[in-house]
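Chain and residue survey
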Amino acid sequence: MVDRTMGLQVLLFISIISLTSVIGQVSYSIPEEMSKGSVIGNIAQDLGFDRKRLTSGKARIFTGDSAEYIELDRERGVLLIKEKIDREALCGQTTPCALHFQVILENPMELYAVAVEITDINDNTPMFEKSEMKFKISESAVIGAKFLLERAIDPDVGMNSLQSYFLTKTDHFVLKLKDQPDGEKIVEMVLQKSLDRERQEEIVLVLTAVDGGEPNLSGTAQIHVTVLDANDNAPVFTKTAYKATILENAPKGTVITRVSASDADKGSNSKITYSISNTAADVRHMFAINELNGDLISKSNVDYEKARYYQIHVQASDEGGLTDSCKITVEVIDINDNKPVINIMSQTNVIPEDSKPATVVTMVNVQDLDSGDNGKVNCAINYHIPVTLKPTSNHFFNLVTDSELDRETASEYNITVTCSDEGVPSLSSSVTLTLQISDVNDNAPVFERSSYEAYIVENNTPGLSIFTVKARDADWNQNARVSYMLEDSSVNGVPVSSYVSVSADSGVIHAVRSFDYEQIKDFHFRVKAQDGGSPPLSSNVTVKVMIQDQNDNPPQVLYPVQTGGSLVAEMVPRSADVGYLVTKVVAVDVDSGQNAWLSYKLQKATDRALFEVGSQNGEIRTIRQVTDKDAVKQRLTVIVEDNGQPSRSATVIVNVAVADSFPEVLSEFTDFTQDKEYNDNLTFYLVLALAVVSFLFITCLVVIISVKIYRWRQSRVLCHSNLPVIPYYPPRYSDTLGTGTLQHVYNYEVCRTTDSRKSDCKFGIAGSQNVLIMDPSSTGTMQRIQSEKSILDEPDSPLEVGYLIHHSLHTSPCYSYNDFLDHRYFLVSLLVSLPAQRASSAPIVMDSSSLC
C-alpha cells in the first residue's frame with residue numbers, strides 16, 4: 001500500500017513538471033458584494049501577453065460548475081464581476097474563500113489557472129440566540145468558578161467576525177474567553193469575588209459581543225444571576241465537545257451518544273443531573289437526554305431535509321446548583337425517503353380553443369426535500385398533447401400550450417405530470433390534470449361537395465323536390481346548427497327565388513316553377529350555409545341545375561318554306577343523271593339529344609321510282625335517269641321524324657318540275673294552284689262519299705243479318721218437319737219435270753254443329769228425290785265438287801264457305817259471275833251467319849233457289 005501511494009505521488013509530481021511549460025497561474029483578491037461589471041484585474045497584462053492573443057486564441061473561462069460569477073472581456077483583456085458575490089453564501093465560515101477557474105486559449109492551446117480570493121467585509125452584526133440568560137449560583141461558589149455564557153453568532157470571518165465580549169462592570173464576575181480548536185470562542189463568566197446571598201440575592205449584567213470591523217458592530221444579551229446557598233464543587237465533563245451521527249429514518253428512542261461528567265463533591269452535592277440547555281426549542285422536542293446516565297436519545301424522527309446537523313448543549317448540574325457544560329454535534333445522514341411533491345399553484349380547467357400558443361394553463365411547484373442526487377428532480381408529461389412543461393425558476397414549472405388548439409380534434413386532454421428524483425431507488429410521484437377545450441365558433445359550415453349538379457326533367461310540377469344540399473359544421477351545440485338560404489342572384493334577369501327555393505333546416509331544394517328546356521337549359525345559383533354562432537360563420541356552394549329535355553316539340557321544317565299563296569318548285573333538267581341533287585329538306589328540332597335526331601322518309605310521290613330522300617341528311621336525289629316520259633309536275637311528300645319516345649313528326653310537300661327551260665315549267669304550273677284547289681275539293685268529296693257508303697253498308701248489313709236470322713229460323717222448322725225444300729226459280733226459267741232447263745231439283749243440305757270437326761255437307765242424289773240435275777255442261781264441275789267432299793269434312797276448313805260459294809256459282813243455272821257481284825251482300829251475310837250457326841248447332845240449308 002505504501003509503495004502504491006509513493007507511486008501515485010511520483011506520477012503526480014511528474015505530471016506537474018510536464019505541465020509547467022504550458023500552465024501559468026495568477027491570483028486576485030477582491031472584497032465581497034462588488035457591483036456587477038466591476039473590474040477584477042487585467043488578465044492579459046498579468047499573464048504577460050498581448051490583449052489580441054485573447055481574441056485570436058478565443059479565450060474563454062472554464063469554471064467546472066454551474067455558478068458563473070466572473071466573466072472575461074476579450075477586447076479589454078480584463079476580468080469582470082458577472083454576478084454580485086456574497087462570501088457568506090458562497091463559503092460560509094470557510095477561509096480563505098476563493099473562486100478557482102481556468103482561462104483556456106487556442107492556437108496554440110494553453111491553460112492558465114486563476115484564483116480569485118473573496119475577502120470579507122463587515123456586513124453582519126453579532127447576534128445572541130437568547131436575549132436573556134439565567135444562572136443560579138451558590139454563595140459558596142469558590143472564586144474562579146466558571147459559568148458558561150451563550151455565545152453570539154457573526155457570519156463574517158477574520159477581523160470582521162466576532163472578536164471580543166464585554167461584561168457590565170461588576171465586582172463579582174469577570175469575563176473569560178477560551179479559544180477552541182475549531183476557532184470558536186467559549187465565553188465564560190468567572191467568579192472573582194465570593195458571593196453573599198444575604199447582601200445581594202439577584203445580580204443583573206449585560207453581555208456585549210463586538211466584532212472587529214470598521215466600524216465595529218455589536219450585540220447584547222442580559223445575564224440574570226440568582227445567588228444560592230453553598231456548593232463548592234461543580235461537575236466536570238470528560239470532554240468539552242462530542243460528535244455523533246444519526247440516520248434520518250432512525251426510529252424513535254434511538255440512543256445517539258452518551259456524555260459523562262464527574263463531581264468531586266460527596267453526598268447529595270455530587271449527584272449529577274444532565275439536561276439540555278442553551279438550545280433551540282425545536283431541538284428540545286427532537287432530542288432528550290437521560291438525566292441519570294447522560295444518554296442522548298431521539299424523541300422523534302429526524303429529517304435531514306429540515307436540518308442537516310444539530311448542536312446540542314448539555315449541562316451537568318449537581319444539587320447545589322454548580323454546573324458544567326459540553327456541546328454535542330449531531331450530523332444527520334440523508335436517505336432517499338421523500339418523493340417529489342407536486343403542488344398545483346394555479347390551474348385553469350377550461351380554456352377556449354382560440355387561445356394563443358404559450359398560454360399558461362397550470363403553474364406547478366415541485367419539491368424534493370432530499371439532498372444531493374436524492375433531491376434532483378426531473379419532470380415530464382405524457383406525449384402527443386399540445387402542452388409542454390417549461391421551468392420558470394427553481395422548482396417551479398409552467399404548463400403552457402405549445403401549438404394551436406382545436407376542439408374539433410380533441411375536446412379534452414388528460415395531462416399527467418410525472419416527477420422522479422435521481423436517488424437509488426428512484427422515487428416518483430405524478431398528478432393528472434384535466435384540461436377541457438371550450439368551443440369557439442371557428443369553423444364555417446362545409447358542404448359535402450365543392451359544387452353540386454342536379455337534373456330535372458322539363459315540364460315538372462311546381463314544388464317538386466330537386467335534390468338536397470348538405471353542410472356540416474365541426475363546431476358544437478349552437479355553433480354547429482346549420483341553416484340554409486339562397487344568395488341573392490338572378491337568372492336571365494329574374495330573381496333566382498322565382499326558380500327554386502331551399503328549406504332552411506333540411507337543405508332540400510324545390511322547384512318553384514315548371515321548367516321548359518327550350519327556354520332555359522341550365523342555370524346556377526349559390527346556396528349559403530350559416531351556423532348559429534356569434535358572430536355566425538357561413539360558406540356557400542354553387543349549384544347547377546340542368547333541365548333534361550322531353551320530346552315535347554315536333555320537328556320544324558326550315559326549307560322548303562311552306563307558303564299558302566305562292567308556289568315554289570325545284571327544277572330538275574331532263575338530262576339529270578342518277579343521284580342528281582334536287583333539293584335538301586332542312587328541318588330542326590328544338591329538343592336535344594336523341595329527341596333532336598331527325599330522320600327523313602318519302603311518304604308520297606308522284607313517281608316513287610324517280611326520287612329518294614336521304615334518311616339522315618334530307619337530300620332529295622334522283623334514283624334513275626330522267627326521261628321524256630316523266631311528268632313535268634312531280635309532287636313529293638316528305639315526313640321528318642325525330643327519335644324521341646314517342647316520336648314526333650312533320651311533313652313537307654316538295655314540288656319538283658322536270659323540265660329543261662323555265663317557260664315550260666311556267667306553262668305547266670300555271671294551273672297548279674287550280675289543280676291544288678281541285679284536289680282539295682276532290683278529297684273532301686271522297687271523304688263524304690266514303691262516309692255515305694259506310695252508312696249504307698252498315699244499314700244493309702243490319703238488314704241482311706235480320707233476314708238471315710229469319711230464314712235460319714224458317715230452315716230449322718223445315719229440317720224438323722222433313723219437308724222438301726221448295727226451290728225458287730228465276731222468272732226466265734221453268735220446271736218442265738225433266739223437259740226444261742232444270743230437269744230436277746238439286747238440294748244442298750249443309751249441316752253445322754257446335755263442333756266444327758263434325759260438320760258435314762250432304763248431297764242428294766238424282767231420281768225421285770227432288771234433285772237438281774245439272775246440264776251436261778256442268779258435269780265436270782259436279783264431279784270436282786264431289787271429289788272435294790273430303791276436304792269439306794276437315795274441321796274448320798277454310799274451304800267450307802268458299803266451297804259453298806264456288807259450288808253455287810257453278811251449279812245454279814240462274815247465277816253468273818256478274819250476278820254474284822251484284823249480290824255480294826248476300827255472301828257477306830253468309831259469312832257472318834256461319835259462326836252463329838256453329839254456335840247453335842243448327843244446320844244451314846242452302847239450295848240453288850236461295851242463290852237465285
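Residues numbered from 1 in each chain as written. Predicted model: local features only at pLDDT ≥ 70, side-chain atom pairs only at ≥ 80, totals over all residues. Heavy atoms only, no water.

What to know about the sheet that holds strand E49 (residues 619-622)
Just so we agree on the cut-off: At least two bridges found by DSSP between two strands is the condition for calling them paired. Each helix is a run of DSSP H or I of at least 4 residues and each strand a run of E of at least 2, with the numbering of both proceeding from the N terminus. Between N-to-C directions, angles cover 0 to 180 degrees, with each direction set by a line fitted to C-alpha atoms, over the stretch in contact for helices.
Across the sheet, which stays open at both edges, the 3 strands sit in the order E45-E49-E48 with antiparallel pairing between neighbours. The sheet is open, and its two borders are formed by strand E45 (581-584) and strand E48 (611-613), each paired with just one other strand. Going across the sheet, the axis of each strand differs from the next one's by a mean of 20°, ignoring polarity. With 3 bridges connecting them, E45 and E49 associate as antiparallel partners. Residue pairing for E49: Leu581 is matched across the bridge by Arg621.

Here we look at the state of the cysteines
For the record, the criterion: We call a pair of cysteine sulfur atoms a disulfide whenever their separation is within 2.5 Å.
Tallying each qualifying case throughout the model produces 2 disulfides. Here Cys379 engages in a disulfide with Cys419; their sulfurs sit 2.1 Å apart. Across the S-S bond linking Cys379 and Cys419, the dihedral sits near 110°, which makes this disulfide right-handed. With Cys379 in strand E27 (residues 377-381) and Cys419 in strand E30 (residues 412-421), this pair connects stretches of sequence that are 40 residues apart.

Remarks on the sheet that holds strand E2 (residues 39-42)
Here 3 strands make up an open sheet; going across it, the order is E2-E5-E4 and the pairing antiparallel. Edge strands, defined here as strands with exactly one partner in the open sheet, are E2 and strand E4 (70-73). Between one strand axis and the next, the sheet turns by 25° as a mean value, whatever way the strands run.

Describing unusual backbone geometry
Most peptide bonds take the trans configuration, and most residues that are not glycine carry a negative phi. The omega torsion of the bond from Ser534 to Pro535 falls at -5°, within 30 degrees of zero and hence cis. Tracing the backbone through its elements, the reader meets Pro535 in the loop between strand E41 (522-530) and strand E42 (538-548). Following Gln645, the chain continues into Pro646 via a peptide bond in cis, with omega recorded as -5°. Structurally, Pro646 is set in the loop between strand E50 (633-642) and strand E51 (649-658). Phi at Asn107 is positive, roughly 55°, even though this residue is not glycine.

Some words on the confidence of the model for the chain
Here is the rule we go by: Residue-level confidence of the predictor, termed pLDDT, takes values from 0 up to 100. The contact rule is simple, with two residues in contact once any of their heavy atoms fall within 4.5 Å.
Residues with a pLDDT of 70 or more make up 77% of the chain, whose mean pLDDT is 78. Of the regions scoring below 50 in pLDDT, residues 1-22 engages in 2 contacts with residues more than four places distant in sequence or in other chains. A low-confidence stretch, residues 721-852 (pLDDT under 50), is modelled with 178 contacts involving residues beyond four sequence positions or located in other chains.

Digging into the nonpolar core
How we decide: Throughout this description, the term nonpolar core refers to a set of buried Ala, Val, Leu, Ile, Met, Phe, Trp, Tyr and Cys residues connected via side-chain atoms within 4.5 Å. Using a 1.4 Å probe on the protein chains alone, a residue whose accessible area is under 20% of its type maximum counts as buried, one over 50% counts as exposed, and one in between counts as partly exposed.
Counting 28 residues, the largest nonpolar core has Ile509, Phe523, Val527 and Val543 as the members making the most contacts within it. Within the residue set of this core, elements represented by two or more residues are strand E33 (451-457), strand E34 (465-468), strand E39 (500-502), strand E40 (508-511), E41 and E42. In contact with Ile509, not counting residues within four places along its chain, are Leu464, Ser465, Ile466, Phe467, Val469, Val500, Ser501, Val502, Phe525, Val527 and Val543. Among the nonpolar cores identified, the runner-up in size contains 27 residues, and Ala250, Tyr310, Ile312 and Ala316 belong to it.

Some thoughts on the pairing of strand E6 (residues 97-105)
On a regular strand, each side chain points to the face opposite its neighbour's, so the side chains alternate between the two faces of the sheet. Where strand E3 (residues 60-62) and E6 come together, 3 bridges link them in antiparallel fashion. What sits directly across from Phe62, in E6, is Gln102. Here E6 pairs with strand E7 (residues 110-119) via 9 bridges, running antiparallel. Residue pairing in the sheet places Leu105 in a bridge with Glu110 of E7. In textbook terms, the turn of a hairpin is the stretch between consecutive antiparallel strands, and for E6 and E7 this stretch comprises 4 residues, one of which, Asn107, has a positive phi near 55°.

Observations regarding the pairing of E51
With 7 of 10 residues buried, E51 is to be regarded as a mostly interior element. Counted along the chain from E50 to the antiparallel partner E51, the turn is 6 residues long.

Describing the pattern of salt bridges
The criterion, for reference: We define a salt bridge as a side-chain nitrogen of Lys or Arg found within 4 Å of a carboxyl oxygen belonging to Asp or Glu.
Considering all chains together, one arrives at 16 salt bridges under this definition. Among the ionic pairs, Asp607 bridges to Arg624, the shortest N-O distance being 2.7 Å. Of this pair, Asp607 sits in the loop between strand E47 (598-605) and E48 while Arg624 sits in the loop between E49 and E50, placing them 17 residues apart in sequence. According to the relative accessible area criterion, Arg624 is partly exposed, its value standing at 23%. A salt bridge links Arg624 to Asp630, with the nearest nitrogen and oxygen atoms 2.7 Å apart. Linked through salt bridges whose partners overlap, the residues forming this network are Arg87, Glu88 and Asp120.

Here we look at the environment of Glu150
Keep this limit in mind: N or O atoms closer than or at 3.5 Å make up a polar contact, with two conditions inside protein: a donor-capable atom paired with an acceptor-capable one, and, for residues adjacent in sequence, both atoms drawn from side chains.
For Glu150, the location among the structural elements is in the loop between strand E9 (146-149) and strand E10 (162-167). Classification of Glu150 by relative accessible area gives buried; the value is 3%. Along the primary structure Glu150 and Glu129 are separated by 21 residues, whereas in three dimensions their C-alpha atoms are 7.9 Å apart. A distance of 2.9 Å separates a polar side-chain atom of Glu150 from the backbone nitrogen of Glu129. Only 3.0 Å separates the side chain of Glu150 from the backbone nitrogen of Lys130, close enough to count as a polar contact.

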